[in-house]
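Close look at the chain arrangement
Chain by chain, the residues:
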Amino acid sequence: MSDNNKLKIGIYELTGCAGDALLILDCEMELLDIFNAVDIQSFLMAKSDNIDGDLDVALVEGSVSTEREIEELKDIRKRSSIVVAFGLCATVGGIQARFSEEEWTQNLKEVYGDTEMTHTKAVHSKPIDAYINVDFYLPGCPVGKDQFLNFFTRVVQGAPPESYPVPVCVTCKYNENDCLLNKGIPCLGPLTADGCGSVCPNHDVPCYGCWGPAEGANLTSEYHLLQEKGFDIEAIKKRMSNYSGSKFQEFFEQFKNKESK
Amino acid sequence: MKVVGIDHLARVEGNGGIHATIDGKVVSDVKFTINEGPRLIEKLVLGRTPEEDASMSPRICAICTCSHKNAVLRALENAMDITISRKAYLLREIMHMGEFVESHSLHTFYLALPDFLGFPNAIAMASEYGFEVKIALEMKHYGNHIMKVTNGRFIHGENAVVGGFGKWPTQEELLFIKERALQFMPFVFKTVDLFCGIDYPGVPVAETQYMCCEPGDDKYGFWGDEILISTGEKYFRDDYTKVTNEFVVPHSFAKHSLYNGNAYTVGPLARIVNLGERLQGETGKMFQKYYNDSWKTNPFYHNPSRALEIMFAFERIPELVDEFLKLEDEAPRKEYTPKDGKGTGLVEAPRGLLIHHHEVTDGKVSFADIITPTAQNAADIERYGHIAAQALLDQGKGDEDIRRHLDIVVRAYDPCISCSAHMAKIRNAPENDWQLRLAEVKDQGSPVFIGIGNPSLGDDAAGIEMARAMKQQGVENVWLESEIEENDGLGTEDNGQPFILLDAVDLQETPGKVTLLPMQIVLQNSALSHKILPIVSEVLNPRQMQNAYLLGIQAGSLVEGEGISPSVLQAMERVLRQLSN
Ligand code: SF4
Ligand code: SF4
């Protein structure tokens, strides 16, 4: 902690859309309080007087996609007591982590040709836990405002953050929406971690899976449910892979295991 | 040089930098770099359904998420011949206004204003400007609120879908949005007065080309089906590649998106310059009151342009809500069956023209091409950065002044929020800089050399003599200035090879110092351009100009009838040795 007894916090952005850092600035009504409650040492998006010293908590947004980011990330880990993977890109690598190493190399070449970038070398996108130990994960593309404020308040008081074990589907049922699956619309609510409050199904739009795979999802019954309702399992998998980043292989291994049973 | 499509790196939210290279009295290079890795989003959407594409593409950028959403939806709907209802059209416009209010108020008050009032950030500014900071936060919050009501969430909402919307907002929600817009008006007037009243730095000043969407019907607005250029030309949406030809060029000379071979600007200033006369109501009056010709040549006027657009949005929102509520109720979305086709969607993001081109084959996305505003502005950001750095250097300003100034020039474009927080660095050119650059130039193909100068004016003979020596060594494609005149141009076939002009220069360096500069930089520097310009403009077309360089040796004595001085002779030998490697 710093001299003023406030927690020292750093907010860092690797490769992503900057949505999670922006989400913090989107807490307009709470923003001045946030800046007063803790000592924000580094937040490139919001301020120019940044210090890279020891930290109590580092929030890291974005996937690791360049060699320079690997170094930055390791340095952040060394300086911080707690590192939080902040948002989907940091948690699973984001949409950009879906490609295999081989596909990625091929696509990179198609987009950029043979031009060598000198300032830093691109690497296959990965979540931050591919390189460092992560203490907490806060998924979401981007993280939800309530979820963030909740997390922030608990961490400032030294409490561990809440976990969100249920899938979007459970919250959707609490919200008394008509289930989209019954209308033949492929909704990923049963497979996706909640945190958004089932916002898409609340709008009659299927969940696209942007919180990433749900930890505790009951894949066996989901598999049978989707199959019974006549959905094309391959199309569902493809859809689910969009926001599962590098974790989708692992996730579908489990899915496949259920399949064979 | 080759054309390889879009540069995703130029999605600049996040980590970027600008570096000026100073070579004695010349700023020899300004580089705007993006430090984030590639995300290849155009590849990620391939093989996905149009609705998955519309969900994923906006993930390029959080702060422009609604612009991306509107652009990708326009592209996909054009591709599949879907016409959305008037109600859906209006709601998309309300959503777009929400993004403008949010993004512009964030940029003007939080990112730009501290620069002009001398604070490190907005929170520090709050001690003296508490009222402005607080109300501007409310304004930003209001913009976010609009996006949440219309699109479901602040960032990456999904309520806007192919064919329309998932659900309509309620009448109460929309009336609240309208009421709040009216309540904000007094502060909106203050905002315009504040940003139009700032005494912006007088450097850099230069003309450019401005590009934006043509909203049609002689209206101001944030989308259209044509691209309008300040020169008066217009291009239909599907012809966008004629306008924004993007190049990935060898790294150290940066990448460019050029129109007619020249850098151009998109963004608030481009819209105000091209469309400002069309503004109506209070915004029209404010435009007439404050706008003048000096806005056209100075990128700092992006800031008052943003303020005018905030006012435009606040005037437009109540009109849109009224029209929406007057229309009969109908289903929020048109059902569709995907069909094959190609479509382009043009919108204005807060930071400028955003182009999405998507193709659908057998119900799946088969091609995507996305051109972001900052990719288009990159070349002009470098050019204006260069002009500013050179002007300050001429005034005898030190590194720190130059660094600070570059920082705010970049920020004027609002390339993204995080990289605009601080990004300028100064680099002194190493002694062997020209050798490194020469190696890069030669990598692009075997160069055409042109020796220029006056053979009887002392050291000014250096260029001609080097060219003669190379001819003697049997090097191909070497020309003397005089041969070009006789020949009426170059007889060399154009196969994309680089051009190198050899000449003695006066950059007030130690005699014999060698410099290799890209032609664009030479032409911006009055000490160099007067001699070079007549020659290059005669023999090189704009495209060749992009790939032309000046290899200059600092002259020592320029006395009629005298020979070349020893230090220059030594330098010539070094250059010839390097060229024959
Ligand atoms: S609509 Fe989606 S999230 Fe809601 S209950 Fe059905 S499957 Fe679950
Ligand atoms: S419902 Fe699904 S796609 Fe929508 S925000 Fe929540 S997790 Fe993301």
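Keep in mind that what you see is a predicted model, and the values were worked out from it rather than measured. (Residues numbered from 1 in each chain as written. Chains lettered and ligands numbered in written order. Predicted model: local features only at pLDDT ≥ 70, side-chain atom pairs only at ≥ 80, totals over all residues. Heavy atoms only, no water.)

1. Notes on the pattern of salt bridges
Should their charged atoms come close, side chains of opposite charge can pair. Evaluation of the coordinates by the stated rule reveals 39 salt bridges over all chains. A salt bridge links E214 of chain B to K234 of chain B, with the shortest nitrogen-to-oxygen separation between them at 3.1 Å. Taken together, the residues span a long stretch of sequence, with E214 of chain B in strand 5 (residues 209-214) and K234 of chain B in strand 7 (residues 234-236) at a distance of 20 residues. Relative accessible area serves as the criterion here: at 43%, K234 of chain B is assigned to the partly exposed category. Each of the salt bridges in this network shares a partner with another, and the network as a whole consists of D26 and E28 of chain A together with E102 and K140 of chain B. (Salt bridge = Lys/Arg side-chain N within 4 Å of Asp/Glu carboxyl O. Helix = DSSP H or I, 4+ residues; strand = E, 2+ residues; numbered from the N terminus. Buried < 20%, exposed > 50% of the residue type's maximum accessible area, 1.4 Å probe, protein only.)

2. Thoughts on the domain arrangement of chain B
Domains assigned within chain B are domain 1 (2-383) and domain 2 (433-580). Computed over C-alpha atoms, the centres of domain 1 of chain B and domain 2 of chain B are 43 Å apart. (Domains from an automatic or database assignment.)

3. Some thoughts on the nonpolar core
Core analysis: the largest hydrophobic core is formed by 170 residues, its most contacted members being F43, L59 and F148 of chain A together with Y142, W295, F314 and I317 of chain B. The element contributing the most residues to this core is helix 4 (residues 86-117) of chain B, with 13 residues. Beyond its immediate sequence surroundings of up to four residues, W295 of chain B is in contact with C196, Y210, L269, I272, Y290, Y301, P304, S305 and L308 of chain B. V441, A461, M466 and A504 of chain B belong to the second-largest nonpolar core, a separate cluster that totals 28 residues. (Core = buried A, V, L, I, M, F, W, Y, C linked by side-chain atoms within 4.5 Å. Contact = heavy atoms within 4.5 Å.)

4. Structural notes on the site of ligand 2
By nearness alone, every residue bordering ligand 2 is listed as T192, C196, V199, C200, P201, C207, Y208, G209, C210 and W211 of chain A together with R153 of chain B. Lying at an intersection of chains, ligand 2 is approached by residues of chains A and B. For the shell around ligand 2, the per-class residue count stands at eight nonpolar, two polar and one charged. (Near = heavy atom within 4 Å. Nonpolar A, V, L, I, M, F, W, Y, C, P; charged D, E, K, R; others polar.)

5. Observations concerning the sheet that holds strand 16 (residues 478-480) of chain B
All names here are of chain B. Pairing in this open sheet of five strands is mixed, and the strands run 16-15-17-19-18 from one edge to the other. Looking at which strands have only one partner, the edges of the open sheet turn out to be strand 16 and strand 18 (514-518). Along the sheet, successive strands turn relative to each other by an average axial angle of 25°, direction set aside. Here strand 15 (residues 448-451) runs beside strand 17 (residues 499-505); their pairing, made up of four bridges, is parallel. Bridge pairing in strand 17 links I450 to L501. Against the sheet, helix 14 (residues 433-443) makes contact with strand 17, strand 18 and strand 19 (548-554), and its axis sits at roughly 45° relative to strand 18, the strand it touches most. Docked against the sheet, helix 20 (residues 566-580) engages strand 15, strand 17, strand 18 and strand 19, running at close to 145° with respect to strand 19. (Pairing = 2+ DSSP bridges. Axes fitted to C-alpha atoms, helices over the stretch in contact; angles between N-to-C directions.)

6. Let's talk about unusual backbone geometry
Omega for the bond connecting C141 of chain A with P142 of chain A falls within 30 degrees of zero, at -5°, which places this linkage in the cis form. Looking at the element boundaries, P142 of chain A is found in the loop between strand 7 (136-138) and helix 6 (145-156). Following V203 of chain B, the chain continues into P204 of chain B via a peptide bond in cis, with omega recorded as 5°. If you trace the backbone, P204 of chain B turns up in the loop between helix 7 (171-197) and strand 5. Positioned with a positive phi, H156 of chain B is a non-glycine residue whose angle comes to about 55°. Within the secondary structure layout, H156 of chain B lies in the loop between helix 6 (130-151) and strand 3 (160-161). Overall, H156 of chain B belongs to the buried group, its relative accessible area being 1%. In this model, D218 of chain B sits at a positive phi of 55°, which is unusual for a non-glycine residue.

7. Comments concerning the pairing of strand 19 of chain B
Residues and elements named next belong to chain B. Of all seven residues making up strand 19, seven are buried, and the element is well covered by its neighbours. Of the two faces of strand 19, the one holding A548, L550, G552 and Q554 and the one holding Y549, L551 and I553 are both buried throughout. Pairing analysis gives seven bridges linking strand 17 to strand 19, with the strands arranged parallel. Bridged to I500 within strand 19 is Y549. Pairing between strand 18 and strand 19: five bridges, direction antiparallel. Counterpart to T515 in the pairing with strand 19 is G552.

8. Let's talk about the environment of I82 of chain A
With respect to the helices and strands, the residue I82 of chain A is situated in strand 5 (residues 80-86). The spacing of I82 of chain A and A21 of chain A is 61 residues in sequence and 18 Å in space, taken between C-alpha atoms.

9. Topic: the packing of aromatic side chains
Aromatic ring pairs are defined here through the distance separating the ring centres and the angle between the ring planes. Residues and elements named next belong to chain B. What the rule picks out here adds up to 23 aromatic pairs over all chains. Measuring from ring centre to ring centre gives 5.4 Å for F109 and F195, while their planes differ by 90°; the resulting arrangement is edge-to-face. Within this pair, whereas F109 is found in helix 4, its partner F195 is found in helix 7, the two being separated by 86 residues in sequence. The exposure classification of F109 matches that of F195, with both residues buried. Grouped by ring-pair contacts, the aromatic residues F116, Y200, F287, Y291, W295, F300 and Y301 constitute a single cluster. The ring of W168 has K87 sitting right over it, with the charged end atom 5.9 Å from the ring centre. When the ring centre of F324 is taken as reference, the NZ or CZ atom of K87 above it lies at 4.2 Å. (Phe/Tyr/Trp six-rings, centres within 6.5 Å; stacked < 30°, edge-to-face > 60°. Lys NZ or Arg CZ within 6 Å of the ring centre and 35° of its normal.)

10. Some words on the site of ligand 1
Residue and element names in this part refer to chain A. By nearness alone, every residue bordering ligand 1 is listed as C169, C172, K173, C179, L180, L181, C187, G189, P190 and P201. Looking at the shell around ligand 1 element by element, the count peaks at three residues for helix 7 (residues 168-174). In terms of residue class, the shell around ligand 1 is made up of eight nonpolar, one polar and one charged.

11. A short note on the sheet that holds strand 11 (residues 341-349) of chain B
Residues and elements named next belong to chain B. One open sheet accounts for three strands, arranged 11-12-13; its pairing is antiparallel. Across the chains shown, the open sheet's two edge strands, defined by having one partner strand only, are strand 11 and strand 13 (364-371). Across the sheet, the axes of successive neighbouring strands diverge by a mean angle of 15°, strand direction being ignored. Strand direction decides the pairing type here: strand 11 and strand 12 (residues 352-361), joined by nine bridges, are antiparallel. Its bridge partner lying in strand 12, A349 is registered against G352. This element, helix 12 (residues 373-394), spans strand 11, strand 12 and strand 13 of the sheet and lies at about 135° to strand 12.

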